[in-house]
Amino acid sequence: MAPALTRLREAGARAWWLLRELNGEHAYDRYVAHARSHDPRVRVLSRREFENRRVDRRHADPREGGGCC
């Protein structure tokens, strides 16, 4: 593969990683890996359940602007 194409592909992979980090999508992947590494038999939350709990925690945290009203 041409060096320029390789660099372009690597830059795209880094940009994709950064986008997932910034929007919080990678948090679910980390949660699943952590939960399974501690107890493989544990029931892992679905992505929807995980996101709902994450949003609830964010709204309850006064530092995030939640819980004011």
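Residues numbered from 1 in each chain as written. Predicted model: local features only at pLDDT ≥ 70, side-chain atom pairs only at ≥ 80, totals over all residues. Heavy atoms only, no water.

**A few points about the environment of Glu49**
- With respect to the secondary-structure elements, Glu49 resides in helix 3 (residues 47-60).
- A distance of 2.8 Å separates a polar side-chain atom of Glu49 from the backbone nitrogen of Ser46. (Helix = DSSP H or I, 4+ residues; strand = E, 2+ residues; numbered from the N terminus. Polar contact = N/O pair within 3.5 Å; in protein donor to acceptor, adjacent residues only side chain to side chain.)

**Here we look at the packing of aromatic side chains**
- In the structure shown here, the tally under the stated rule is three aromatic pairs.
- A ring pair is formed by Tyr31 and Phe50, whose centres lie 5.1 Å apart and whose planes are at 25 degrees; its orientation type is stacked. Note that Tyr31 is positioned in helix 2 (residues 26-38) and Phe50 in helix 3, a separation of 19 residues in sequence.
- We classify Phe50 as buried; its relative accessible area is 9%.
- Taken together, the ring pairs in this structure connect Tyr28, Tyr31 and Phe50 into an aromatic cluster. (Phe/Tyr/Trp six-rings, centres within 6.5 Å; stacked < 30°, edge-to-face > 60°. Buried < 20%, exposed > 50% of the residue type's maximum accessible area, 1.4 Å probe, protein only.)

**Some words on the pattern of salt bridges**
- A complete count under the given rule lists seven salt bridges for this structure.
- Across the salt bridge formed by Arg30 and Glu21, the nearest N and O atoms sit 2.9 Å from each other.
- The exposure class of Arg30 is partly exposed, given its relative accessible area of 43%. (Salt bridge = Lys/Arg side-chain N within 4 Å of Asp/Glu carboxyl O.)

**Some remarks on the side chain of Arg54**
- Following the sequence through the fold, Arg54 ends up in helix 3.
- Since its relative accessible area comes to 16%, Arg54 is described here as buried.

**Looking at the packing of helix 2 against helix 3**
- For the pair helix 2 and helix 3, the least separation of the axes is 11 Å and the interaxial angle reads 110 degrees. Considering the angle they form, helix 2 stands roughly perpendicular to helix 3. In terms of crossing hand, the pair formed by helix 2 and helix 3 is right-handed. Seen from helix 2, the contacting residues are Ala27, Tyr28, Asp29 and Tyr31; seen from helix 3, they are Arg47, Phe50 and Arg54.
- Considered class by class, the residues forming the contact of helix 2 with helix 3 number four nonpolar, no polar and three charged. (Axes fitted to C-alpha atoms, helices over the stretch in contact; angles between N-to-C directions. Parallel < 35°, antiparallel > 145°, perpendicular 65-115°, else oblique. Left-handed = near helix turned anticlockwise from the far one by under 90°. Contact = heavy atoms within 4.5 Å. Nonpolar A, V, L, I, M, F, W, Y, C, P; charged D, E, K, R; others polar.)

**Things to note about the confidence of the model for the chain**
- Scored by pLDDT, the chain comes out at a mean of 87, with 90% of its residues at no less than 70.
- When mean pLDDT is taken per element in the chain, helix 2 scores highest with 92 and helix 3 scores lowest with 90. (pLDDT = per-residue confidence, 0-100.)

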